[in-house]
Amino acid sequence: MSTPMEITLQNPQEPNISDLENGDAASAPPPPPILNEDKVLVSVEVCLKPSSTARIDDVRSSVERMLENRSLSYNDGPIPVPLDDPFLTENVQRIRICDSDEWVQNHEVLLFWQVKPVVHVFQLSEEGPCEDLSEEGQLSSFNEWMLPAKEFDGMWESLIYESGLKQRLLRYAASALLFTEKGVDPFLVSWNRIILLHGPPGTGKTSLCKALAQKLSIRFSSRYPQSQLVEVNAHSLFSKWFSESGKLVAKLFQKIQEMVEEENNLVFVLIDEVESLAAARKAALSGSEPSDSIRVVNALLTQMDKLKSSPNVIILTTSNITAAIDIAFVDRADIKAYVGPPTLQARYEILRSCLLELMRKAILSSFQECDQLILPNYATMKEKLNMPETQEVQAPFRLCKQLLEAAGACEGLSGRSLRKLPFLAHAALSNPYHCDPGKFLCTMIDTARRELSELHE
Ligand SMILES: Nc1ncnc2c1ncn2[C@@H]1O[C@H](COP(=O)(O)OP(=O)(O)OP(=O)(O)O)[C@@H](O)[C@H]1O
Ligand SMILES: [Mg+2]
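Reading guide: rules and limits
Residues numbered from 1 in each chain as written. Chains lettered and ligands numbered in written order. Predicted model: local features only at pLDDT ≥ 70, side-chain atom pairs only at ≥ 80, totals over all residues. Pairing = 2+ DSSP bridges. Helix = DSSP H or I, 4+ residues; strand = E, 2+ residues; numbered from the N terminus. Contact = placed C-beta atoms within 7 Å. Axes fitted to C-alpha atoms, helices over the stretch in contact; angles between N-to-C directions. Near = placed C-beta within 6 Å. Nonpolar A, V, L, I, M, F, W, Y, C, P; charged D, E, K, R; others polar. Domains from an automatic or database assignment. Parallel < 35°, antiparallel > 145°, perpendicular 65-115°, else oblique. Left-handed = near helix turned anticlockwise from the far one by under 90°. Buried ≥ 20, exposed ≤ 12 C-beta atoms within 10 Å, placed from the backbone. Core = buried A, V, L, I, M, F, W, Y, C linked by C-beta atoms within 7 Å.

J.: Kindly report on the sheet that holds strand S9 (residues 265–271), identifying the contributing residues and their values.
T.: Taken together, seven strands build an open sheet; the order of strands is S5-S6-S8-S9-S10-S7-S11 and the sheet is mixed. Strands at the two margins of the open sheet, each flanked by one partner only, are strand S5 (130–131) and strand S11 (335–338). Where strand S8 (residues 226–232) lies against S9, seven bridges are found, and the strand directions are parallel. Residue Val232 lies in a different strand from S9, and its bridge partner there is Ile271. Running over the sheet, helix H7 (residues 205–219) touches strand S6 (142–147), strand S7 (194–198), S8, S9 and strand S10 (313–319) and is turned about 165° from S10.

Shown next, in the form of structure tokens:
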């Protein structure tokens, strides 16, 4: 599972927090030997400052050199930009190690000689969404972003799932792009680039699609220097004001086709709540909807099929229901991933990230020591729980036990409700200007119970 990050830099001369937390790398049992060719690929993302005009290749080589010269242990999280390197300090906003945690969980530590870092350099687009300004008074039929976009920065990391869902999606997309790139014969091996995420409301499906597009735009920037995300507004396509929806779909896809024709462009098309398409078709067939709807759905499916032949497009779709979606649509999606409500571990991590943010922003009083140590991640907290009882009297330990209790009390709440909970709890405090995390957690547990009871009414 990807979790918000621990500090990751381990310099042999300067033991740091991850040393304290995970045990010193030097004293850890030696990991199994890994042959050179079996090095683990670990992504290192380098975000340029908005003001930077440096060449991507120069920054990449510079970061690669920096990584070669350091004895790092790799686990997910930020690496400080080296102050002794004026070129990097001038141009780089942050450096982050990504996706090592899957490997790290099994093998405890990932040392520099076991790793082949793959450096991805990017600059965030600050343009914001560009709306389709269709005729007056009408809903726009799509939004468009240049990727990677500032709005989606940090979204991937903030989404917390167990069972490697995010990794699976990333790998799936990478394989799909590779197959297309290599020109694998679709008559011999069949695959497509349509992803369907389905599950209950508020589980992060739409966010995950956007975050995935952002991630892929960063990871594939050497092959595709430009990426765009087009979010199709399915509801607007079916708005009763559109008497000519079929034409609108054609117009929309013509625009997408133009983007796709530029072969250095990677294009993501997000069709949210895709069941509305299927529902419209069904209703049209039963005669309760204007027959225009059926033309729109058919137009959309035809256009999607056309797009499938372009190598540089990925279609992302979401739905709250799967069973009822038009079979013609479900069949088109290659990867259908269920996105469920957060498990205990995910709930703990979500609430933990909220608490750490409130401490960072001084809304909750912080501790003298590092807050990350006081509120450890789920795995470390579990280890602590198994430690001798003498440890338990410590206040910090009480806090993470309380956090676990809160995560337990939130069973049944969606990820969306969980992210709102700290706000509701804060509003319920008797003295909102001075609050210690322990007291806050008690209020949060009460708030969660109230929210849940309202849900079941
Ligand atoms: N597993 C999760 N981890 C972290 N945050 C989550 C998670 N699930 C949901 N959220 C939070 O909930 C918010 C809402 O998510 P989003 O709108 O993407 O959900 P959705 O599944 O598309 O919902 P709907 O089905 O109602 O459209 C997100 O901004 C995110 O902060
Ligand atoms: Mg959604």
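Still more ground to cover, so stick around.
J.: Break down the sheet that holds strand S3 (residues 92–98) for me, with residues and values.
T.: One key point about sheets: their strands pair by backbone hydrogen bonds, in either a parallel or an antiparallel sense. Here we have four strands laid out as an open sheet, ordered S2-S3-S1-S4, and mixed in their pairing. Either end of the sheet is taken by a strand with one partner, and the two such strands are strand S2 (77–79) and strand S4 (115–122). Strand-to-strand twist of the sheet, defined as the mean angle between neighbouring strand axes without regard to direction, takes the value 30°. Pairing of strand S1 (residues 40–48) with S3, which is carried by six bridges, proceeds in the antiparallel orientation. When the bridges of S3 are listed, Val44 appears paired with Ile97. Relative to the sheet, helix H2 (residues 56–68) contacts S1, S3 and S4, its axis offset from that of S4 by approximately 150°.

J.: Break down the site of ligand 1 for me, with residues and values.
T.: Neighbouring ligand 1 are 19 residues; Gly204, Thr206, Ser207, Gly415 and Arg416 lie closest to it. Every element with two or more residues in the shell around ligand 1 is listed here: H7, helix H13 (344–360) and helix H17 (415–427). By residue class, the composition of the shell around ligand 1 is seven nonpolar, nine polar and three charged. Lining the shell around ligand 1 are residues from two domains, each supplying at least three of them: domain 2 (139–338) and domain 3 (344–455).

J.: Any chance you could break down the packing of H17 against helix H18 (residues 437–455) for me, citing the residues and the numbers?
T.: Relative orientation and spacing of two packed helices are given, respectively, by the angle between their axes and the distance between those axes. Interhelical geometry of H17 versus H18 gives an angle of 120° and a closest axis separation of 9 Å. Classified by the interaxial angle, the pair formed by H17 and H18 is oblique. The chirality of how H17 crosses H18 is right-handed. Two secondary-structure elements touch here, H17 through Ser417, Leu421, Pro422, Leu424 and Ala425 and H18 through Phe440, Thr443, Met444, Thr447, Ala448 and Glu451. Its residues assigned to classes, the contact of H17 with H18 comprises seven nonpolar, three polar and one charged.

J.: Can you tell me about the pairing of S10, naming the residues and giving the values?
T.: By the criterion of burial, S10 is predominantly enclosed, with seven of the seven residues buried. Burial along S10 is two-sided: the face carrying Val313, Ile315, Thr317 and Ser319 and the face carrying Ile314, Leu316 and Thr318 are both buried. Relative to S10, S7 runs parallel, the two being bridged by five bridges. When the sheet's bridge partners are listed, Ile194 is paired in S10 with Ile315. Sheet topology note: the S9/S10 ladder contains five bridges and is parallel. Among the inter-strand pairings, Phe268 is bridged to a residue of S10, identified as Ile314.

J.: Just give me the short version of the nonpolar core, but keep the residues and values in it.
T.: If you look at the biggest cluster of nonpolar residues, it comprises 80 residues, and the most contacted ones within it are Leu212, Val269, Leu270, Ile315, Leu316, Leu403 and Ala406. A domain-level breakdown of this core finds at least three residues from each of domain 2 (139–338) and domain 3 (344–455). When sequence neighbours within four positions are dropped, the list of residues in contact with Ala406 reads Leu351, Leu441, Met444, Ile445 and Ala448. Among the nonpolar cores identified, the runner-up in size contains 17 residues, and Val59, Val92, Cys98 and Val109 belong to it.

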